[in-house]
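In case you want the letters, here they are:
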Amino acid sequence: MQLPQHTRNFILEAGELSRFTGRFFRESVKPRYEVNEFINQCFIVGYKSLPLVGLTGFIMGLVLTMQLRPSLIDYGVESELPAMVGISIVREIGPVITALIFAGKIGSSIGAELGSMKVTEQIDAMEVSGTNPFKYLVVTRVMATTLMLPILVLLGDAISLYGAYLGVNIKATTSFHLYYTQVFDNLSFGDVIPAFVKSFFFGFAIGVVGCFKGYNSSKGTEGVGRSANSAVVVASLMVFILDLIAVQVTDLFGLN
Amino acid sequence: MEETVISIRNLHKSFGNNVVLKGFNLDLKRGENLAVLGKSGSGKSVLIKCIIGLLAPDGGTINVLGQSIPDLSQDELDRTRVRIGFLFQSNALYDSMTVKENLEFPMRRHWLSADEKKAEEKIAEALENVGLLHTLNMMPVELSGGMRKRIALARTLILKPDIILYDEPTTGLDPITAREISTLMNNIQKKYNTSSIIISHDMNCIKITADRIIILMNGRAYAEGTYDELVASADPEVKQFFD
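None of these values were measured; they are calculated from a predicted model. Numbers given for residues are sequential positions, taken from 1 along each chain in its written order. Labels are handed out in written order, letters beginning with A for the chains and numbers beginning with 1 for the ligands. Only residues with pLDDT of 70 or above have their local features reported here, since the model is predicted, and side-chain atom pairs are shown and tallied only from 80 upward, although totals for entire chains, interfaces and linings are computed over all residues. Side-chain measures were taken over the full set of non-hydrogen atoms in the model, leaving aside hydrogen atoms and water.

With that settled, consider the packing of aromatic side chains. Note on aromatic pairs: the rings of Phe, Tyr and Trp (six-membered ring only in Trp) are paired at centre separations within 6.5 Å, and the planes decide the class, stacked below 30 degrees, edge-to-face beyond 60, tilted for the rest. Counted under the stated rule, the structure contains 20 aromatic pairs over all chains. Aromatic side chains Y179(A) and Y180(A) sit 4.9 Å apart centroid to centroid with 85° between the ring planes, which places their arrangement in the edge-to-face category. Like Y180(A), Y179(A) is buried. On the numbers, 4.4 Å between centres and 40° between planes, the contact of F86(B) with F88(B) is tilted. Note on accessibility: F86(B) and F88(B) belong to one class, buried. The ring of F15(B) has K13(B) lying over it, and the distance from NZ or CZ to the ring centre is 5.1 Å. Sitting above the plane of the Y94(B) ring, R155(B) keeps its charged end 4.7 Å from the centroid. Per-residue accessibility, obtained with a 1.4 Å probe over protein chains only, is compared with the maximum for each type, and a residue is labelled buried under 20%, exposed over 50%, and partly exposed between these values. A ring is scored as having a charge over it whenever the NZ atom of a lysine or the CZ atom of an arginine sits within 6 Å of its centre and within 35 degrees of its normal.

Encoded structure:
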């Protein structure tokens, strides 16, 4: 029995992605280390993503608070609003929304950049000049996304909690001190650490998928567009799959 | 006896069922400009990509500057590549870098100890060679096709290679610019005594630059000679390139 074409393609692509990931680990431990390019990529993927992550985080916190309030009033637990918002943002919404925004901005940009370099022979030019393009382009970008996303998640959470504080104060008056006391009293390390750890995996997946799609781009400019697009789609899907795995793992350790 | 810098014997390369090279032989002497002529899809670009190690041959030997390219480790190959310049058909300038950074890139990778002043002198020399010193801080997108080709050539020259491989150096250029590039290639060969393999369809470029021509047909070296010898050939397969 022969598998349908799209199933075979999916299995082949999954295999290629696994090989690509394996190569990343092999190349990342071998010298020479591209420190300057890594720092440059941290600036591009981290610092330059901050305004977008901050804005979405702020809106998310504000909207979440405003939408939760009526339900909590119905159940007579309006006073639990800061705690509920805090746990929701830190445990789940902050890391996942930040990762999705990051996949959209950085995944597509890496896919398009490497794809365009591939089809215009810039990657070959790098190779013939005696530079390992995989190490220079892929290892630095994947390491930067892996390291920068958790930092963005922390900053995004902080901005989001501030947005939620403003949301709380739209229809009630709660002091800044009281709000944050309620938020942090209800948060434990079991809430913060798993969320922080999973964002490293999200960052790694977004970097690997973006680089894989770009590095294997073909068919000219059409291929570049396709690489950028599929980098976002696959990276976003990977974020949800990893989130599903993370929730099972934290459940096993009794952290849910 | 003249030194042979590239020696290729019985080279085979195929992609699936498409056999591109089947027993190709070539010798390139020091200081020689050798043109490889052939129809589109005849395997000319594949040949030079095998020479630089971008493609692995299926069989045969490729010796470049005394090194067997297919047998080299990645580090050895990188060291050998420093002595080989490659001018891409698409120029392959790094879009995100200025002209200066494009030229600095290969230099900084291999001469890390070079001080700033020395590096800038080398960049200025390379740009002067191609007559484009004023483009130092421009981005590739701001340059015309001919200027981009010259900058790519300057980047190729920055490491002072012994051999330069030209992949369709005049394709897409107007006849005047194409002639300028061809003359520039000749000047570079004279100034640095480089050896070159020139892949081209442009008969004017070949006439100006080539000391010797090989016609690649059906995966083999079909005919060989100087421009004048091949023009005078009675063989219809050879004549079709010169008519």
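For the rest of this paragraph, the subject is the interface of chain A and chain B. How large an interface is tends to be reported as the accessible area lost when its parts come together. Each side of the interface is counted separately: chain A has 16 residues, and chain B has 22 residues. A simple way to read buried area is as the amount of 1.4 Å-probe accessible surface that goes missing from two parts once joined, with both sides added. When the two sides are added together, the surface that chain A and chain B hide from each other amounts to roughly 1600 Å², 49% of it contributed by carbon and sulfur. When a carboxyl oxygen of Asp or Glu lies within 4 Å of a side-chain nitrogen of Lys or Arg, that pair is called a salt bridge. Remark: the boundary between chain A and chain B carries two salt bridges. Put simply, K49(B) and E121(A) hold a salt bridge, and the shortest N to O gap is 3.5 Å. N or O atoms within 3.5 Å of each other form a polar contact, as long as, within protein, one can give a hydrogen and the other can take it, and as long as residues adjacent in sequence are counted only when both atoms are side-chain atoms. Here chain A and chain B share six residue pairs in polar contact (both at pLDDT 80 or more) between them. What counts as a helix is a DSSP run of H or I of at least four residues, what counts as a strand is a run of E of at least two, and both are numbered from the N terminus. Ranked by the residues each element gives to the side of chain A that touches chain B, the list is headed by helix α5 (residues 122-128) of chain A, at six residues. Here a residue-residue contact requires only that any non-hydrogen atoms of the pair lie within 4.5 Å.

Everything listed is a geometric property; what it means functionally is a separate question.
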